[in-house]
Amino acid sequence: MDAPRWIPTQPQIEASNLTAFLAQTGASSYEDLLEKSNQDPAWLMEQVFQFSGVKFYRPFQQTLDLSRGHAHARWCVDGTTNIVLNCLDQHLESVVAAQPLLIWEGEPDAPSQTMSYAEFNDQVCRLAAGLRRLGVERGDVVAIYLPILPESFVAFFSVLKLGAILLPLFSGFGAQPIATRLVDGRAKIVITADITYRRGAIIPMKTTLDEALLNAPDVKKVVVIERNKAIHASISINHERDVLYSALISEPAVGLATEHMDPNDPAMLFYTSGT
């Protein structure tokens, strides 16, 4: 057995989040915490909510309801919340709003981008409002077929802000696995990019999605991010279905409310890669 590669110093241990969490819970050790959490999962989650500052619009009345059996556990009964409330909204009236939320570096020659919480929220609200104009409602499935871009994170939060369900699609998928997931997930809209870069090579995405949509007729709209304007001119655009991302976020959306969701409502729909 290999020796540990790194052992924290005592000051590092004392300053760690784990040590702070153990102190909050009154657990004498990690093993003690583990035993207590196995005996009472609801207690553990209450401790996590308190330690992490998880916010609720309406406080829950019961942490864990197992009356329907463990397979149908219900958490935070009668409460309402949203991931966007906890990750974005709660910070917008504080000094955090001006701090960086996202720092992105692309390839091959894309300039890096930095967005503060406030700037990021503005983009989220603009896209959420645009998606709503396209007909996205609470509970609808919106697929994201994107590489790692600033817009990918904006799309993630925009979908959840509306109370819709996010369906992430791996950017390396071919047409068939994309179509399979779009059909099974009943996706209404797909957000994609014209191309992506992989180790300097240009990889088409919109073309692959167009092929997949031949077998996924229930998709109503496709939102297209323009990454390379020279190449974009050669990308096929279905003017009845396709919408440019830049046009969709062009209108301000000040004061767009975040949906109040039941904590047990679905937020994301995941499929395995098939391996």
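For the structure, see preceding data.
Since the structure is predicted, the reported quantities are computational estimates derived from the model, not experimental observations.

Chemist: Quick question: what am I supposed to make of a nonpolar patch on the surface here?
Modeler: Taken together, the side chains of Leu18, Tyr30 and Leu34 present a nonpolar region at the surface, about 280 Å² in accessible area. Looking at the element boundaries, leucine 18 is found in helix α2 (residues 17-25). Classification of leucine 18 as partly exposed rests on a relative accessible area of 42%.

Chemist: It is not clear to me how the sheet that holds strand β6 (residues 165-169) should be interpreted in this structure. Could you clarify?
Modeler: One key point about sheets: their strands pair by backbone hydrogen bonds, in either a parallel or an antiparallel sense. Read across the open sheet, the five strands follow the order β6-β5-β7-β10-β11; overall the sheet is parallel. Every interior strand has two partners, whereas the edge strands, β6 and β11 (242-244), have only one. For this sheet, the mean angle separating the axes of adjacent strands, direction not counted, is 25 degrees. Looking at chain direction, strand β5 (residues 141-145) and strand β7 (residues 187-193) are connected through five bridges and run parallel. Bridging across to β7, isoleucine 144 finds its partner in isoleucine 191. Sheet contacts for helix α7 (residues 150-161): β5, β6, β7 and β10 (221-225); angle to β5, the most-contacted strand, approximately 170 degrees.

Chemist: It is not clear to me how the layout of surface pockets should be interpreted in this structure. Could you clarify?
Modeler: Gaps between atoms show up when a probe of the same size as a water molecule is rolled over them. Of the voids in this model, the largest pocket is the one considered here, and its volume is about 350 Å³. Around the largest pocket, the lining is made up of 19 residues, and of these Thr81, Ile83, Asp262, Pro263 and Asp265 lie nearest the centre. Elements that contribute at least two residues to the lining of the largest pocket include exactly α4 (41-52), β2 (74-77) and α5 (83-87). Taken together, the residues of the lining of the largest pocket break down into 13 nonpolar, four polar and two charged.

Chemist: Got a minute to help me understand the environment of phenylalanine 270 in this structure?
Modeler: Mapped onto the elements of the fold, phenylalanine 270 is located in the segment after α11 (245-248). Given the relative accessible area of 58%, phenylalanine 270 is considered exposed. Remark: the alpha-carbon pair of phenylalanine 270 and leucine 166, spanning 104 residues in sequence, is separated by 8.5 Å.

Chemist: How should the side chain of serine 171 be read in this particular structure?
Modeler: For serine 171, the location among the structural elements is in the loop between β6 and α8 (175-185). Classification of serine 171 by relative accessible area gives buried; the value is 16%. Setting aside anything within four residues of it in sequence, one finds serine 171 in contact with Tyr145, Leu146, Pro147, Arg198 and Met205.

Chemist: What am I meant to see in the state of the cysteines here?
Modeler: Simply put, the disulfide is a covalent bond whose two ends are the sulfur atoms of two cysteines. One pass over the structure, following the stated rule, counts zero disulfides. In this model cysteine 87 remains outside any disulfide bridge; the closest cysteine sulfur is found in cysteine 125, 14 Å from its own. For cysteine 87, a relative accessible area of 33% corresponds to the partly exposed category. Cysteine 125 gets classed as buried once you look at its relative accessible area, which sits at 7%.

Chemist: So what exactly am I meant to see when it comes to α8 here?
Modeler: Each α-helix turn comprises 3.6 residues. Residues three or four places apart therefore point the same way. Considered for burial, the residues of α8 that qualify are Ala175, Ile178, Ala179, Arg181, Leu182 and Gly185. For α8, the secondary structure elements touched by its buried residues are β5, β6, β7 and α9 (206-213). Just downstream of α8, arginine 186 is the residue with a positive phi angle, here 55 degrees.

Chemist: Would you mind going over unusual backbone geometry with me for this structure?
Modeler: Most peptide bonds take the trans configuration, and most residues that are not glycine carry a negative phi. Even without a glycine there, the phi angle at aspartate 78 is positive, about 70 degrees. Assignment of secondary structure puts aspartate 78 in the loop between β2 and α5. Taking the relative accessible area as the measure of exposure, aspartate 78 reaches 42% and is therefore partly exposed. At arginine 186, a residue that is not glycine, the phi angle is positive and equals roughly 55 degrees. Along the chain, the position of arginine 186 falls in the loop between α8 and β7.

Conventions used here
Residue positions are given per chain, counting from 1 as you read along its sequence in written order. This being a predicted model, a pLDDT of at least 70 is required before a residue's local features are given, and a value of 80 or more before pairs of side-chain atoms are given or counted; all residues contribute to the totals for chains, interfaces and linings. With hydrogens and water set aside, each side-chain value is computed from the structure's full complement of heavy atoms. Each patch groups residues whose relative accessible area exceeds 30% and which form no salt bridge, using 9 Å between like charges and 5 Å between nonpolar side chains of Val, Leu, Ile, Met, Phe, Trp and Tyr. Computed with a 1.4 Å probe, the accessible areas rest on the Shrake-Rupley method; for each residue, only the protein chains presented here act as cover. One speaks of a salt bridge when a side-chain nitrogen belonging to Lys or Arg is within 4 Å of a carboxyl oxygen belonging to Asp or Glu. Strands here are runs of E lasting at least two residues and helices are runs of H or I lasting at least four, both read from the DSSP assignment and numbered beginning at the N terminus. For each residue, the accessible area found with a 1.4 Å probe, counting protein chains only, is set against the maximum for its type, and the residue is called buried under 20%, exposed over 50%, and partly exposed in between. Between any two strands, at least two bridges found by DSSP are needed for them to pair. Axis geometry follows a simple rule: fit a line to the C-alpha atoms, using only the stretch in contact for helices, then measure angles between N-to-C directions, giving values from 0 to 180 degrees. Contacts are assigned to residue pairs that have any heavy atoms within 4.5 Å of one another. Cavities and pockets were defined on a 1 Å grid built over protein atoms only: a cavity is a set of grid points that admits a 1.4 Å probe from which the probe cannot escape, a pocket is an open set flanked by protein on both sides within 12 Å along at least five of seven lines, and lining residues are those with an atom within 4 Å of any such point. Grid points are joined across faces, edges and corners, and a volume is the space filled by probe spheres set on the points. Gly falls in the polar group here, along with every residue not listed as nonpolar (Ala, Val, Leu, Ile, Met, Phe, Trp, Tyr, Cys, Pro) or charged (Asp, Glu, Lys, Arg). Disulfide: a pair of cysteine sulfur atoms within 2.5 Å of each other.

Keep in mind that these numbers describe shape and distance, not what the molecule does.
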